[in-house]
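# Summary of structural features
So you can see what is in the structure, the chains are spelled out below.
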Amino acid sequence: MKTLATRKARLKFTVRRFKNVMTQISKSKRGTLGVGVIVFFVILAILAPVIAPYDPIRPRRDPEQYPAFSGQTILKIADKLCYPVWYKYLPWITRGPSERIDQFVNTLILSDGELYPKTTSFQLRDRVAEPLTVTAELPNGTVIELVQNKEWTWDIEKIRQVNIDPTLATNLPNGTVISVKYLTGFEITENIDILSDPGITSSETLNKINFLTNYSDSFNIEFNNEKGFKNDGCIAIEYSKTSSEDEEITLEIPFEYPHWSPPKSFVTHFSARLEADTSNARVIATVYIENKNTNKTYLISSIADNPIKPSPQFLHYSEVSTSNETTTNVGSLYPEQVIFPLPSNVSFIVKLKFQNVNQSATLYLDNLQCLLYGNSFGLLGTDNGSPYPPRDIFSTLVHGTRVSLIVGVLSALFSTIIGLFLGLISGYMGGFVDEIIMRFADLLLVLPTLPLFIVLIAVMKSTYGLVNIWNIIILITFFGWMSFSRSVRSMVLSIRERPFIEAAKAAGGGKFYIITRHIIPNVFPLVYVTLATSVPGAIITEASLSWLGLGDPSVPSWGKILYDFNVSGIAVTKGLTEYWFWIFPPCVAIALLATAFILLGFALDEILNPKLRERR
Amino acid sequence: MGLRAYVARRIVYSIILIWAVITINFLIFSMLPGDPIAQYVASLKGRIDKERYEQLRHDFGLDQPLHVRYLHSLISLLTFNFGREAGSGEPVLNVMREPMLNTIILMGTAEVLSIIVGILLGVIAAYKRDGIIDTVLTTGSLVTYSVPIFFVGWIVILIFAIQLHWFPAGGWIPDWPRGYVPTSFEYVLARLRYIVLPTFTLFLFTVGGWILLTRACVLETINEDYVVTARAKGLKERTVLYKHVLKNASLPLITSVALAFASLVGGAIITETLFSYNGMGLLTWHAIYPVPNLPLLQAIFYISALLVIIANFIADLLYGIIDPRIRYG
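If you're wondering where the values come from, they're calculated on a predicted model, not measured in any experiment. Counting restarts for each chain: residues are numbered from 1 in the order of the written sequence. Labels follow written order: the first chain is A, the first ligand is 1, and so on. Local features are withheld for residues below a pLDDT of 70 in this predicted model, meaning they are given only at 70 or higher, and side-chain atom pairs are given and counted only at 80 or more; totals for whole chains, interfaces and linings count all residues. With hydrogens and water excluded, all non-hydrogen atoms of the structure serve as input to the side-chain values.

### Concerning unusual backbone geometry
Using the following cut-off: Going along the chain from the N terminus, every DSSP run of H or I of four or more residues is numbered as a helix, and every run of E of two or more is numbered as a strand. Per-residue accessibility, obtained with a 1.4 Å probe over protein chains only, is compared with the maximum for each type, and a residue is labelled buried under 20%, exposed over 50%, and partly exposed between these values.
Positive phi outside glycine occurs at A:I200, with the angle close to 45°. Mapped onto the fold, A:I200 is located in the loop between β10 (192-193) and β11 (210-213). Of the residues examined, A:I200 reaches a relative accessible area of 0% and is grouped as buried. Positive phi values are uncommon outside glycine, yet B:H165 reaches one of about 55°.

### Regarding the confidence of the model for chain B
Rules: pLDDT is a residue-level measure of predictor confidence that goes from 0 to 100.
Of all residues in chain B, 92% attain a pLDDT of 70 or more, and the chain-wide mean is 81. Predicted complex, confidence summary: ipTM 0.85, pTM 0.85.

### With respect to helix α14 (residues 558-568) of chain A
Residue and element names in this part refer to chain A. Summarising burial for α14: nine of the eleven residues are buried, a large majority. Buried within α14 we find W558, G559, K560, I561, L562, Y563, D564, F565 and S568. Count one or two residues on from α14 and you reach G569, which has phi positive near 80°.

### Details of the interface of chain B and chain A
What counts, and what does not: Whether two residues touch is decided by their heavy atoms; if any such pair falls within 4.5 Å, the residues are in contact. Accessible area, probed at 1.4 Å, shrinks when two parts are joined; the buried area is that loss added up over both. What makes a salt bridge here is a side-chain nitrogen of Lys or Arg within 4 Å of a carboxyl oxygen of Asp or Glu, nothing more. Whenever two N or O atoms come within 3.5 Å, that pair is a polar contact, provided that in protein one can donate a hydrogen and the other can accept it, and provided that, for residues adjacent in sequence, both atoms are side-chain atoms.
Chain B puts 53 residues into the contact, and the matching count from chain A is 44 residues. Where chain B abuts chain A, roughly 4400 Å² becomes buried across the two surfaces, and 82% of that area is made up of carbon and sulfur atoms. Counting the surface chain B buries against chain A, the share from its top three residues, B:L142, B:F150 and B:W154, is 15%. Our count for the contact surface shared by chain B and chain A stands at zero salt bridges. In this assembly, chain B and chain A are joined by one residue pair in polar contact (both at pLDDT 80 or more). Elements that contribute at least two residues to the side of chain B that touches chain A include exactly α1 (3-31), α6 (132-146), α7 (149-163), α8 (184-222), α10 (237-275), α11 (280-288) and α12 (294-322) of chain B.

### Observations regarding the pattern of salt bridges
All names here are of chain A. Evaluation of the coordinates by the stated rule reveals 20 salt bridges over all chains. Ionic pairing is found between R61 and D193, a salt bridge with its closest N-O pair at 3.0 Å. Taken as a pair, R61 in the loop between α3 (48-51) and β1 (96-105) and D193 in strand β10 lie far apart in primary sequence, 132 residues in all. Look at D193 and you get partly exposed, because its relative accessible area is 32%. Salt bridges sharing partners connect three or more residues here, namely D383, R391, K560 and D564.

### With respect to the sheet that holds strand β7 (residues 152-155) of chain A
All names here are of chain A. The line we're drawing: Pairing between two strands requires that DSSP report at least two bridges joining them. For helices, the fitted axis covers only the stretch in contact; all axes are lines through C-alpha atoms, and the angles between them, taken along N-to-C directions, range from 0 to 180 degrees.
In spatial order, the strands read β4-β8-β7; together these three strands make up an open sheet with antiparallel pairing. Because the sheet does not close on itself, it has two edges, and the strands there are β4 (121-123) and β7. Averaged over all pairs of adjacent strands, the angle between their axes in this sheet comes to 20°, without regard to strand direction. Where β7 meets strand β8 (residues 161-164), four bridges bridge the pair, whose relative direction is antiparallel. When the sheet's bridge partners are listed, T153 is paired in β8 with N163.

Dropping the structure here:
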């Protein structure tokens, strides 16, 4: 009973002391600020999976909804190098159509006594949203309008090029300015999922789809709520043969493309399963996108050589806009620019042709989707997606909080413990032990740590192939205890000579007893202060190492975001002015967290070492 | 103990440090499993026979016992014999010579500037303690102290290179037209234009620490009796501050100069990489990315450790000259 009471009393005392320190911190402005910021980041770290919706290393669209992209193939969440979604609200970001005039000077060169135009084809700088007019201004001031197809032709879809008739160019005097006027557009675009419910989980989704067929007697379309992929509902197309031809049904999903810029890329996806009365039955699916404003239909993919056969499982079909098939079908390396030149009404079309069916068949369609990737995503955009698909920078930032906090706090904790231990030993024992420890500390203090870390981590990398976060914590700990153990030693040296230690010794206290009961309590205020003030160094060291690409590549740390920026080459090509949102948030986060710990340390210093307060 | 004995002691101490650095270098290298020849042979995938392998090991002295190899590495590091670059075959020392000089210029300028400015501002902050200037200076120092250097660098680039176009954002020497030989004045001027921003970045990175340290040291001495005496004598406030307070407060500052050098080397690595400034830092980056070049990294570490030890030694000497107590204590 007695020990319990003292323990309780001691606990009470500790709690009271803690409360006391907390009230004093809350009185100091710096301390409150520091604690506030730290608490904010701790909450962020704990709630990271809730706040950050995407995987910070290998983000992907749900493979259950897009089963063609399961396993190693990943359906990206957004295109690379997206702007943040709020970017479009910035006043200097333009939106809408804009007229462009590209000018070229006709230069004639003399060769073998004849004049030749130096060049007759001109590359346009921008995407062409609407066809163009070409005018030629002669050096004497007269302006001629050139006639399309007679004097010039274009290839805007494939290579964005205007070709001038060579004989005409030879006739135009040297120095003629040829102006090409065309319409282009710019806007921050967003990801568009044309079906909000690609898994077809409710019958209402069917209302968004138009079913068109010339053989309306043969087809019966209904919602089936159990046969879908993952048994979550699908479209069931019941077919019973009424004519001798191959009968066809068309699914059309109309939508509006609202942007003045084309999407950056697009993906089409569907899953299908055929049940038929004969194993020879085939369904050939072809996917089109139709632009109703230009009245053009573009073949995206046809699976004639890989038709849907009767099978017990769903088969998954997908096509990305960068694939060979789509680019050759559309006839441009940038099919999205050809299909979506302007805001327009568009239809996503899937044509299903039933072949070799005896009497009846049922086709189940699920996971139907056409995804248009825009150039904005998330709160902070996306990175350049190397080596994995593009990451949501905001998610990586939030998850990075954990890494920074863990590395910072653990390194500080371990190095403070080591520093305390060695400082106590060295100060209390003195003599040979003291000399050895202090000389060793001097040596470590003199070594330039960052170059040494770089060498050590590079060696580890080439030896074991990887570095993990614990290696970095151990390194920072090993090179972080020296200055603290020095100050502990000097404190111990002065405490050792005080009368109460002598009294304890006279009373028969052993070394261990005196160190733990009399010296440590006197050194402890310093421990708290050092704990707080050595966190920033550890955080910044970890960030610097990751910045140099020497961090753990499988851990989403703040420094790694910056490393990705460094090696992406964006700093050279587009510059900091355009992609500042990529690097400044992690930098600010590092700075804020580091400053917060320093402020806390200073506040603790003032509270726990009252001597300082009197002096100031 | 006279000055001579003191200097002798410091020399011995520095030599011990150099020995320790060389030993650490050797230990790191022998930590690698297998030897470099074995790795080379593995990369050839069996296109080399056992005899040739043994011959190679013998040629590179890898078949000798550990202590002989240690002695070899001791001698070659002491004579700056780092071997040849794997790619170009040029001696590593030649590869490092120019970057080393550039780094010393950059770090020296930044360090001197930040010490002078930091001490001046620190004295002002201490003298006007708890005033507005003090609050601004200490808060500012705390912030620059905890802001990572690449952030400082990016902001400096954004403001002074991209927005204002005052200085180039990166590089270390302009692209002179081919065949153009600049006059030495032009050369120096061009070099200066490229060195301004990295120096400024390093300066911002370090000056906060100096302000805080000076302020603390000055506050420590400002209430001493001899300062009161000096004031009572009727000395001018400025004389009291700079002759009596600062001179005594500067002793811990000098020891910090040496230690600051160690952290400055790290800051310089990142700054030079950021500004593509052709120094040891950029060399380090090229030795890390994309494939680590270990021998070059080790040479870089050895040289930077040596620089720090030399800086330490000089600081110790200064300390001994300024503070007579050290010599006779």
